[in-house]
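Single-letter residue listing:
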Amino acid sequence: MSAPENPLPAYAATVAGIALFSIMDMVMKGLTLAIGTFPTLLWRSLIGIALAAIPFFLTRNPWPRGTALRLHLLRGTMMVPMAVLFFWGLARVPMAQAVALTFIAPLIALVLAALILKEPIGKWTVGGSIAAFVGVIIIFIGQAQADLGPDALLGSFAILGSAVIYAFNIIVMRRQAQHAGPIEIAFFQNLVIGAVLICWTVVDGAPQSPTGHWGELVLAAGLAIGSLMLLGWGYARAGAAYLSTTEYTAFLWAMLLGWLRFGEHVSLFTLAGAGLIVAGCLVAARTHKVGHPALEATA
């Protein structure tokens, strides 16, 4: 029997992937404020397709079929409304607050695992859900105290909607990583997202050329590809439950980057709410000490 693989490299790769995603969020927020949500996502995806195609075709990856292709189509399609809601909200909400609200996604994923994968919901999940819900309420109370305006409230609800979709994404991501390599995942995610957004231009019209912002768009696309490859590599080598805690490092990056780039300050309400949400997710995770068994069995 071979020795079990050391999970620490997978954990480190996933932490690095979250860091790149956080820097991308900072770049994307600036672009969204400058040229709008839909143009930013469309141009970034088109550039991402070109960048991700280089390693994909150089390594002569075979075209995916069957389960792998279905998972690429599913996750890529899910990413469109998730990204639109998140970046639209991010343009209206401080980065740290936005990231804190997304922390409910791992908890929702546990509930979805019970509904979709028929896993039991234990008392720890219920207790964690209550703690996380209180954390969200505290963040909204802090938002009201700060009087950020109706746009910030709508932005917060958009981010919560994005977090619900991301919860589905967490479940799909683990299975996708078991059927495809990181290069393939990065290429097809950009390809599917770009195709969906191009289809939408038939209804909404093509956006104008982002003159003066090409460098930022290339940077955002490169950061997204690098993050996807690191996350894909990590999730292929360790369970989703083990790696889910890496999501919380995004809050530290959001505080730092939001302050450096946009002069945003983190309120005590946001810190307290984020702490409760993280605690709730960690408590709920005690019900699932390993990855989702049903996914492991069907991989």
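Calculation rules
Residues numbered from 1 in each chain as written. Predicted model: local features only at pLDDT ≥ 70, side-chain atom pairs only at ≥ 80, totals over all residues. Heavy atoms only, no water. Helix = DSSP H or I, 4+ residues; strand = E, 2+ residues; numbered from the N terminus. Buried < 20%, exposed > 50% of the residue type's maximum accessible area, 1.4 Å probe, protein only. Areas by Shrake-Rupley, 256 points an atom, 1.4 Å probe, with all protein chains shown as cover. Expected span 1.5 Å × (residues − 1). Bend = angle between axes of the 7 residues up to and from the residue. Salt bridge = Lys/Arg side-chain N within 4 Å of Asp/Glu carboxyl O. 1 Å grid on protein atoms, 1.4 Å probe; cavity = no way out; pocket = protein on both sides within 12 Å on 5 of 7 lines; lining within 4 Å. Points joined across faces, edges and corners; volume = space filled by probe spheres on them. Nonpolar A, V, L, I, M, F, W, Y, C, P; charged D, E, K, R; others polar. Phe/Tyr/Trp six-rings, centres within 6.5 Å; stacked < 30°, edge-to-face > 60°. Lys NZ or Arg CZ within 6 Å of the ring centre and 35° of its normal. Axes fitted to C-alpha atoms, helices over the stretch in contact; angles between N-to-C directions. Parallel < 35°, antiparallel > 145°, perpendicular 65-115°, else oblique. Left-handed = near helix turned anticlockwise from the far one by under 90°. Contact = heavy atoms within 4.5 Å. pLDDT = per-residue confidence, 0-100. Polar contact = N/O pair within 3.5 Å; in protein donor to acceptor, adjacent residues only side chain to side chain.

**Points about the overall build of the protein chain**
Here is step 1 of the chain: Scanning the protein chain from N- to C-terminus turns up 13 helices and zero strands.
Here is step 2 of the chain: Moving toward the C terminus, one meets the helices and strands of the protein chain in the order α-α-α-α-α-α-α-α-α-α-α-α-α.
Here is step 3 of the chain: Here the protein chain holds 299 residues, and the buried ones make up 50% of them.
Here is step 4 of the chain: Accessible area of the protein chain: about 13,600 Å², with a carbon and sulfur share of 71%.

**Some words on helix α7 (residues 150–179)**
Here is step 1 of the chain: With 30 residues, α7 extends 43 Å between its outermost C-alpha atoms, agreeing within 8% with the 44 Å of an ideal straight helix rising 1.5 Å per residue.
Here is step 2 of the chain: At V172, α7 shows its largest bend, some 25 degrees.

**Here's the deal with the pattern of salt bridges**
Here is step 1 of the chain: Overall, the coordinates contain one salt bridge when judged by the stated rule.
Here is step 2 of the chain: The partner of E264 in a salt bridge is K29, with the nearest N and O atoms 2.4 Å apart. Note that E264 is positioned in the loop between α11 (249–262) and α12 (268–284) and K29 in helix α1 (residues 8–35), a separation of 235 residues in sequence.
Here is step 3 of the chain: For K29, a relative accessible area of 5% corresponds to the buried category.

**Some details on empty space enclosed by the protein**
Here is step 1 of the chain: Enumeration over the complete set of coordinates arrives at one cavity of 30 Å³ or more.
Here is step 2 of the chain: Computed from the structure, the largest cavity encloses a volume of approximately 570 Å³.
Here is step 3 of the chain: Forming the boundary of the largest cavity are 30 residues, of which F21, D25, M82, F86 and Y166 lie nearest the centre.
Here is step 4 of the chain: Of all elements in the fold, only α1, α3 (66–90), α4 (95–102), α7, α8 (182–204) and α9 (214–235) reach the threshold of two or more residues within the lining of the largest cavity.
Here is step 5 of the chain: Residues belonging to the lining of the largest cavity are distributed by class as follows: 20 nonpolar, six polar and four charged.

**A short note on the packing of aromatic side chains**
Here is step 1 of the chain: What the rule picks out here adds up to nine aromatic pairs.
Here is step 2 of the chain: When the ring of F57 is compared with that of F187, the centres are 5.7 Å apart and the planes differ by 75 degrees; the resulting orientation is edge-to-face. Of this pair, F57 sits in helix α2 (residues 37–58) while F187 sits in helix α8; the two residues are 130 residues apart in sequence, bridging distant segments of the chain.
Here is step 3 of the chain: Taking 5.1 Å as the distance between ring centres and 80 degrees as the angle between the ring planes, the aromatic pair formed by F187 and F188 counts as edge-to-face.
Here is step 4 of the chain: Taken together through their ring pairs, the aromatic side chains of F56, F57, W63, F187 and F188 make up a single cluster.
Here is step 5 of the chain: The ring of F262 has K29 sitting right over it, with the charged end atom 5.0 Å from the ring centre.
Here is step 6 of the chain: In this arrangement the basic side chain of R92 is found over the ring face of W88, its NZ or CZ atom lying 3.9 Å from the centre.

**Digging into the packing of α2 against α9**
Here is step 1 of the chain: One can describe the packing of α2 onto α9 by two numbers: an axis separation of 8 Å at closest approach and a directional angle of 60 degrees. By the angle class used here, α2 and α9 are oblique. You can see that α2 and α9 cross each other, and the crossing is right-handed. Two secondary-structure elements touch here, α2 through T40, W43, R44, I47, G48, L51 and A52 and α9 through W214, L217, V218, A220, A221, G222, A224 and I225.
Here is step 2 of the chain: In the contact of α2 with α9, the residues fall into eleven nonpolar, three polar and one charged.

**A few points about the confidence of the model for the protein chain**
Here is step 1 of the chain: Looking at the protein chain as a whole, the pLDDT averages 82, with 85% of positions reaching at least 70.
Here is step 2 of the chain: A low-confidence stretch, residues 288–299 stays under pLDDT 50, and its non-local contacts, those more than four residues away or across chains, total 28 contacts.

**Concerning the packing of α4 against α11**
Here is step 1 of the chain: One can describe the packing of α4 onto α11 by two numbers: an axis separation of 8 Å at closest approach and a directional angle of 160 degrees. Our classification of the angle between α4 and α11 gives roughly antiparallel. In terms of crossing hand, the pair formed by α4 and α11 is right-handed. Residues M95, A96, V99 and A100 of α4 touch α11, and the partners they reach there are A250, F251, A254, M255, L257, G258 and F262.
Here is step 2 of the chain: Tallied by class, residues from the contact of α4 with α11 come to ten nonpolar, one polar and no charged.

**Considerations on the side chain of T102**
Here is step 1 of the chain: With respect to the helices, strands and loops of the structure, T102 is situated in helix α4.
Here is step 2 of the chain: Given the relative accessible area of 19%, T102 is considered buried.
Here is step 3 of the chain: A polar side-chain atom of T102 sits 2.5 Å from the main-chain carbonyl oxygen of V99.
Here is step 4 of the chain: Non-local contacts of T102, meaning those with residues more than four positions away in its chain, are made with F86, I159 and A163.

**What to know about the environment of S227**
Here is step 1 of the chain: Assignment of secondary structure puts S227 in helix α9.
Here is step 2 of the chain: Separated by 211 residues in the primary sequence, S227 and A16 have C-alpha atoms spaced 7.5 Å apart.
Here is step 3 of the chain: Here S227 is in contact with G17, L20 and F21, once residues within four sequence places are set aside.

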